[in-house]
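Given next are the chains, with one letter for each unit.
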Amino acid sequence: MRQRWAWALAALAAVCCLATVLVFAPGYLSPDSLDQLQQAEGKRPLTDWHPPVLSLVWRALIAVTGSITSMLVLQSVVFWGALWALARCVWALTGSRGGSLAVLGLGLTPFVLTFAGVVWKDVHAAFALLAACAVAFTGLRLRDTRPRPAVRWALLWLGVLFLAYAMLVRKNAFVAAIPVFVMLVLALWRTPGRRTWVTCAAALVAALVVPAAAISVFAQPLQTRQGAQIMIDDLVHVLRADELRSADVSPGLRDRLVAAAQECRRVGALSDAYWACYERPADGLRGDSDEITSLWLREMSGHVPHYLQYRLQLFASLLFETGYPYHPGVTPNDLGIEVAHPRLEDMLDTYVTGMATDVRWLFRGWFWLTVALVLAIRPGKGTFSMPVRALGISSAAYILGYLPIMPATNYRYLYWPAIACALGLLLLGLGRRTPPPRPASPGAPADRALTAHQPADAGGK
């Protein structure tokens, strides 16, 4: 019975994975996605405007399979594989079939399914973090059976590789990855000592630094100085027009900043000035980035109140006026790429946008930030209290981390918090109905402590 239900969960996850690939084929692509695809195919130079690791992984997949859909398949396998692993662990730890089904059901909710097949760095980061959580739960399930050291370290390395990928593909995922890393270590070792913490941290650093250095040395992506994009937002929205006209920068940059400020006010663009209002030179930000950075450092230090007001206004828009809850298929392009099944795309569009209209709060930043704070402060006292708190802290840190760097008010920036908080709420409810496993008595079998609280047909090894 125990293994039969685990196989049933695996079959359901496989069906959902295949359905995801079918609906989203060949992968929903925005202009960002298309740019990275062209870099993967060698039609454009590799740059660091978008994470080069994503383009390089896509390039390898295309080389092996000959199909751009391979990235969609990889995303779907990681996503549904992680949910299956989490569902199996919930079943093993609680004996709740309904709870394990609910974990799989998270993947079909509109606020999660909406981007499941969109090739975005935000989606890759979210799925990598979710996979790291699945590894942590596998360790939690095996911890009291006293697995061999090799098994623990293998799980640790698998988890830190997922975490490192999340940070490589989305730099600001660092603040979300650290709580998940702590959860991973505590799931593998009940009371890790100082040496264990140091060794695990060194593994995470190595998993992050080594591929980053390899990409820099061997792939040599073109440096685009993308960070100056955020500074342009601050300059054109914080400084007055006369202050921009007297700015101590080159005449060409000064004219572009003044024109951008005027254009942003004309069209009502509160953010994303580089794309919405700025006259972009042929070399993008590479030629202007040093001057922009110097000007930003000088001016923001003298305009702290206005800077804070602007950033808080923009952050409030993310929380209460969150936009872009759905990306419609493939952006029109000259590559001949179109959605494979338009009627399925229409059905998904109706499902997601309809729910975004009827249950709007599920796509709002204020809701997920509130849930994250509740999970972090009141994680309960049941079996899952530690993972619930980690998911809450990770989500809250990720949302709040956008306060100084947010380029737009898109739901994609809330995608990981929405997944993590939904999972945390589910675990919070399951954990309250399941008491923590009792410590094993001296001389008792190691796995008895793990299964003492489970019904007779609860999940096994």
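Residues numbered from 1 in each chain as written. Predicted model: local features only at pLDDT ≥ 70, side-chain atom pairs only at ≥ 80, totals over all residues. Heavy atoms only, no water.

A. Unusual backbone geometry, seen in detail. With an omega dihedral of 0°, the bond running from A25 to P26 counts as a cis peptide bond. For P26, the position within the fold is in the loop between helix 1 (2-24) and helix 2 (31-40). A positive phi angle is found at Q220, which is not glycine, with a value near 50°. When you line up the elements, Q220 lands in the loop between helix 10 (194-219) and helix 11 (228-238). What makes Q220 exposed here is its relative accessible area of 58%. The backbone phi angle of Y324 is positive, close to 60°, even though this residue is not glycine. For Y324, the location among the structural elements is in the loop between helix 16 (304-320) and helix 17 (342-358). For Y324, a relative accessible area of 29% corresponds to the partly exposed category. (Helix = DSSP H or I, 4+ residues; strand = E, 2+ residues; numbered from the N terminus. Buried < 20%, exposed > 50% of the residue type's maximum accessible area, 1.4 Å probe, protein only.)

B. View of the nonpolar core. Judged by nonpolar contacts, the single largest core of 159 residues is most densely connected at W58, W368, Y415 and W416. The leading source of residues in this core is helix 7 (residues 121-143), at 15 residues. Excluding anything up to four places from it in sequence, W58 contacts L29, S33, Q36, L37, A40, I68, M71 and V119. (Core = buried A, V, L, I, M, F, W, Y, C linked by side-chain atoms within 4.5 Å. Contact = heavy atoms within 4.5 Å.)

C. The arrangement of the confidence of the model for the protein chain in detail. When pLDDT is averaged along the protein chain, the result is 92; 93% of the residues meet or exceed 70. In this model residues 438-461 is a low-confidence stretch, pLDDT under 50, and it forms 42 contacts with partners more than four residues away in sequence or in other chains. (pLDDT = per-residue confidence, 0-100.)

D. Here's a closer look at helix 16. Taking 1.5 Å of rise per residue, 17 residues should cover 24 Å, and helix 16 covers 24 Å from first to last C-alpha, within 8% of that figure. Regarding helix 16, the residues found buried are Y307, Y310, R311, L314, F315, S317, L318 and L319. Buried residues along helix 16 sit against helix 11, helix 15 (289-302), helix 18 (365-377) and helix 19 (385-400). (Expected span 1.5 Å × (residues − 1).)

E. Examining the state of the cysteines more closely. In this structure the tally under the stated criterion is one disulfide. Across a sulfur-sulfur distance of 2.2 Å, C264 and C277 are joined as a disulfide pair. A torsion of 115° about the S-S bond marks the disulfide between C264 and C277 as right-handed. On the criterion of sequence distance, the pair formed by C264 in helix 13 (residues 251-267) and C277 in the loop between helix 14 (273-276) and helix 15 is long-range, its members being 13 residues apart. This pair shows no difference in class: C264 is buried, exactly as C277 is. Just so you know, C17 is unpaired, no disulfide at all, and the nearest cysteine sulfur is the one on C16, 8.8 Å from it. Residue classification places C17 among the buried positions, given a relative accessible area of 13%. This cysteine, C421, is not joined by any disulfide, and C133 carries the nearest cysteine sulfur, 11 Å off. We classify C421 as buried; its relative accessible area is 0%. (Disulfide = S-S within 2.5 Å.)

F. Representation of the packing of helix 4 (residues 70-94) against helix 5 (residues 97-105) in the model. Interaxial distance between helix 4 and helix 5 falls to 8 Å at its minimum, and their mutual angle equals 165°. One finds that helix 4 runs roughly antiparallel with respect to helix 5. With respect to the hand of their crossing, helix 4 and helix 5 are arranged in right-handed fashion. Residues W80, L83, W84, L86, A87, V90 and W91 of helix 4 touch helix 5, and the partners they reach there are R97, G99, S100, V103 and L104. (Axes fitted to C-alpha atoms, helices over the stretch in contact; angles between N-to-C directions. Parallel < 35°, antiparallel > 145°, perpendicular 65-115°, else oblique. Left-handed = near helix turned anticlockwise from the far one by under 90°.)

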